[in-house]
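Structural overview for review
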Amino acid sequence: MTFNDRIFGVLMIVLAVAYGWAATQFPEPFGGAEAVGPDTFPKLLAIVLALSSLYLIVRPDPDNAWPWSRTGIELIIAVGVLLLYAMLLQPLGFIISTTLAVGTLCWRMGAPPVNAYITGAVSGVVVYFLFSFALDLALPLGLLSFLEVN
Amino acid sequence: METLGYLMDGFGVALQPHNLMFALLGAFLGTLIGALPGLGPANGVAILIPLAFSLGLAPETALIMLTSVYAGAMYGGRISSILLNIPGDEPAMMTCLDGYPMAQKGKASEALAISAVASFVGSLIATIGLILLAPLLANFALTFGPAEYFALFLLAFATLGGITGKNPIKTVVAACIGLMIATVGIDNTGVPRYTFGVLELFEGVDFIIAIVGLFAISELLFFIEERAGGGKEKMQVNRLSLSWKDIRDILPTSFRGGVLGFVAGVLPGAGASLGSFISYTLEKRVLGKKGYFGQGDPRGVAAPEAGNNAASSGALVPMLTLGVPGSGTTAVLLALLISLNITPGPLMFTQNADIVWGVIAALLIGNFLLLVLNIPLVGIFVKLLSVPPMYLLPIVTMVAFVGIYSISNTIFDLYFMVAFGVGGYVLRKLEIPLVPVILGLLLGPEMEKNLRHAMDISDGDWMILWDSGLAIGLWVFAALGLILPYIVGPILRRRMKAPTEGTPESD
């Protein structure tokens, strides 16, 4: 099967065309037109990318299998955990969000849940104290901010 | 003898107590990074960059620490090759051939010690080579004009895949993607490009975020997919019994391996994998029937180890003198230089002499530290090797999060990093190499600037790009870099594959 490279090649040609077209829309720089304006380099890139993508479509490599089914779901879970981690880092605070994120990742990668969340909690606390005391950098405390001592 | 004076100044910088301390820390972390599964050298150095920033280290200290990490990672790669027959990174592949049989014969600690000595000899030779060659090359590079630099950047991209690379066109695609990302933001003339009105994009994409995302996050996803979280069997290490004679026996081998490795490291397109491969094959030829390669010959451990360590030090030559890295890890070190506001290239040798020579001196000191660290502490590294990735990788990911967050304290950067991670995973699945993407991100602005300067000089005549003999030479080599893999690539790859089966994905 050689779908991957072909589809990727088509997508990249679309990108190259869109990117090159956008370059033609740049306003002229303040000092007037120059030999190499803001659009020259992007246009070159668009041409090179379009040509090399065309090659990928014509002579694609054999496919690597994509992880469908369960592994695919695990991957989506992992990405979801990472996004939630980023989202909750400030509201929940570093220690709690790290416990949840690292714990869930360890668990989904095959660790027993209890060990997983203990790993998460310990790593969160250790890194928090390392950052606040040894490196003097403030990580958000969030829900635990009542513990804060000044 | 000017060089010697600079080197002495360099030692003055590197021997300051806090620099020495960070060199030691770097060497230790580096060995760990090299030894642990799923943490290649490029990946490890990338994760440590934001931390070096948040520590607020002086530029030379940050560089010294991360060069020690780099050197240490090359040492560490051999531990899992020897004990588990699983190379930590691609250059360590050849070490498996004789290292693992030695371990099976109950000579694991001898194999580890021999490889440490060979690594030391290889690095030492290459560092001396670096000291001799770098100033010469830097002087020569002063004659480069913008057109030559533009051609040189192309050469760097063209040879990045190496002559053993699989599909050079994929390198080109990857480089284009990187360069395109680099054009996001306000350009030199003040025109915002591809920002879509998003405020965070006006300053461009921070390449550190991109690097950490591409390496660290995509690695996590790969491990999840391969369900490799369980880790490996534990390996027992015997008590070390090594005589002087054993060490003396491998010295000529290490010496030859070191010289070959250095040459492979300096040349564009060769790299550490080829360095260790050439050293091993040559050694096999030289010794002929006298060796028992493949069945646990100590010289079969020494040759590739000396080769790959020498190559990784050799790879610093083009990075420091020309500002053009030839491998993933040196690209990451270049990222560090750029973010410290140091312009790599020939001028660095005059303008930032203390930093350059401090780093070179640190490399020498780091080598001694690594040798001292590696022989007695090997037991600790072996213990850490048995930490299963299912605990390790989430923690590494967390450290990456903290590092990126601590640079700017914005959540936007974290989303960006995750997006790069997913993108990196998809690209790796398609066998599009990630290193050219990163190099594109790093070199993009410089490349455009040089193109612009060249055009300004010639008043818009594109012929200037191949107007000088030097520029033509660079273009020819760049073209060869793309064409040769189609011709000699399959042959070389088959030779390298023949003795080892199933090598893990690496940069």
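Cut-offs applied
Residues numbered from 1 in each chain as written. Chains lettered and ligands numbered in written order. Predicted model: local features only at pLDDT ≥ 70, side-chain atom pairs only at ≥ 80, totals over all residues. Helix = DSSP H or I, 4+ residues; strand = E, 2+ residues; numbered from the N terminus. Rg over C-alpha atoms; globule rule 2.2 N^0.38 Å. Buried ≥ 20, exposed ≤ 12 C-beta atoms within 10 Å, placed from the backbone. Contact = placed C-beta atoms within 7 Å. Core = buried A, V, L, I, M, F, W, Y, C linked by C-beta atoms within 7 Å. Domains from an automatic or database assignment. Nonpolar A, V, L, I, M, F, W, Y, C, P; charged D, E, K, R; others polar. Expected span 1.5 Å × (residues − 1). Bend = angle between axes of the 7 residues up to and from the residue. UniProt positions renumbered as here; feature names shortened; annotations may be inferred. Axes fitted to C-alpha atoms, helices over the stretch in contact; angles between N-to-C directions. Parallel < 35°, antiparallel > 145°, perpendicular 65-115°, else oblique.

The name given to chain B in an unreviewed UniProt entry is Tripartite tricarboxylate transporter permease, with the source organism recorded as Vreelandella zhuhanensis.

The name given to chain A in an unreviewed UniProt entry is Tripartite tricarboxylate transporter TctB family protein, with Vreelandella zhuhanensis as the source organism.

As for the overall build of chain B
Summing up its helical and strand segments, chain B has 21 helices and 2 strands in all. Here the C-alpha radius of gyration of chain B, 22 Å, is about what a compact globule of 507 residues would show, namely 23 Å. In terms of overall dimensions, chain B has C-alpha extents of about 70 × 50 × 50 Å along its principal axes. Residues classed as buried in chain B amount to 62% of the 507 residues present. Here the contacts in chain B between residues at least 6 apart in sequence split such that 81% fall between residues at least 24 apart.

Considerations on the overall build of chain A
Within chain A one finds 5 helices and 0 strands. For 150 residues, the compact-globule estimate of 2.2 N^0.38 gives 15 Å, and chain A exceeds it by more than 25% at 24 Å. Its C-alpha atoms put chain A at 60 × 50 × 25 Å along the principal axes. Within chain A, buried positions represent 33% of all 150 residues. Within chain A, counting contacts between residues at least 6 apart in sequence, those at least 24 apart form 58% of the total.

Observations concerning the nonpolar core
Residues L66, I211, V212 and I438 of chain B are the most contacted members of the largest nonpolar core, which totals 216 residues. Counting contributing residues, this core receives three or more from each of domain 1 (3–58) and domain 2 (69–147) of chain A. In this structure I211 of chain B touches A46, V332, A335 and I438 of chain B, once residues within four positions along its chain are discounted.

A word on the interface of chain B and chain A
It is common to give the size of an interface as the accessible area that goes away when the parts come together. Between chain B and chain A, the residue contacts involve 48 residues of the former and 52 residues of the latter. Per element, the largest residue contribution to the side of chain B that touches chain A is 10 residues, and it comes from helix α17 (residues 389–408) of chain B. Considering only residue class, the side of chain B that touches chain A consists of 29 nonpolar, 10 polar and 9 charged.

So, helix α6 (residues 108–141) of chain B
Residues and elements named next belong to chain B. Over its 34 residues, α6 runs 46 Å from end to end, which matches the ideal 50 Å to within 8%, given 1.5 Å per residue. Approximately 30° is the largest bend angle found in α6, and it occurs at L133, with the proline P135 only one to four residues beyond. When you tally the buried positions in α6, you get 25 out of 34 residues, the bulk of the element.

Points about the UniProt feature "transmembrane region" (unreviewed entry) in chain A
UniProt's entry tags residues 41–58, 79–105 and 125–147 of chain A with the feature "transmembrane region" (unreviewed entry), counted in the numbering of this structure. Between the end C-alpha atoms of residues 79–105 of chain A there is a gap of 10 Å, over a span that is 96% helix and 0% strand.

Some words on the environment of M390 of chain B
All names here are of chain B. Tracing the backbone through its elements, the reader meets M390 in helix α17. Accessibility expressed as a C-beta count within 10 Å gives 24 for M390, which makes it buried. Residues M390 and F223, 167 residues apart in the sequence, show an inter-C-alpha distance of 8.5 Å.

Points about the packing of helix α1 (residues 2–14) of chain B against helix α16 (residues 353–385) of chain B
Residues and elements named next belong to chain B. As a packed pair, α1 and α16 sit with axes 7 Å apart at the nearest point and diverge in direction by 75°. The orientation of α1 with respect to α16, classified from their angle, is roughly perpendicular. Here α1 contributes Y6, L7, D9, G10, F11, V13 and A14 to the contact with α16, which in turn contributes A353, D354, W357, G358, I360, A361, A362 and I365. Looking at the contact of α1 with α16 residue by residue, the class counts come to 11 nonpolar, 2 polar and 2 charged.

Topic: unusual backbone geometry
A negative phi angle is the norm for most residues apart from glycine, just as the trans form is the norm for most peptide bonds. All names here are of chain B. Phi is positive for N341, which is not a glycine, with a value near 65°. Inspection of the secondary structure assignment puts N341 in the loop between α14 (328–339) and α15 (348–351). Located in the positive-phi region is E431, a residue other than glycine, with phi close to 60°. Residue position: E431 is located in the loop between α18 (411–429) and α19 (435–458). Take E431: there are 16 C-beta atoms within 10 Å of it, and that puts it in the partly exposed class.

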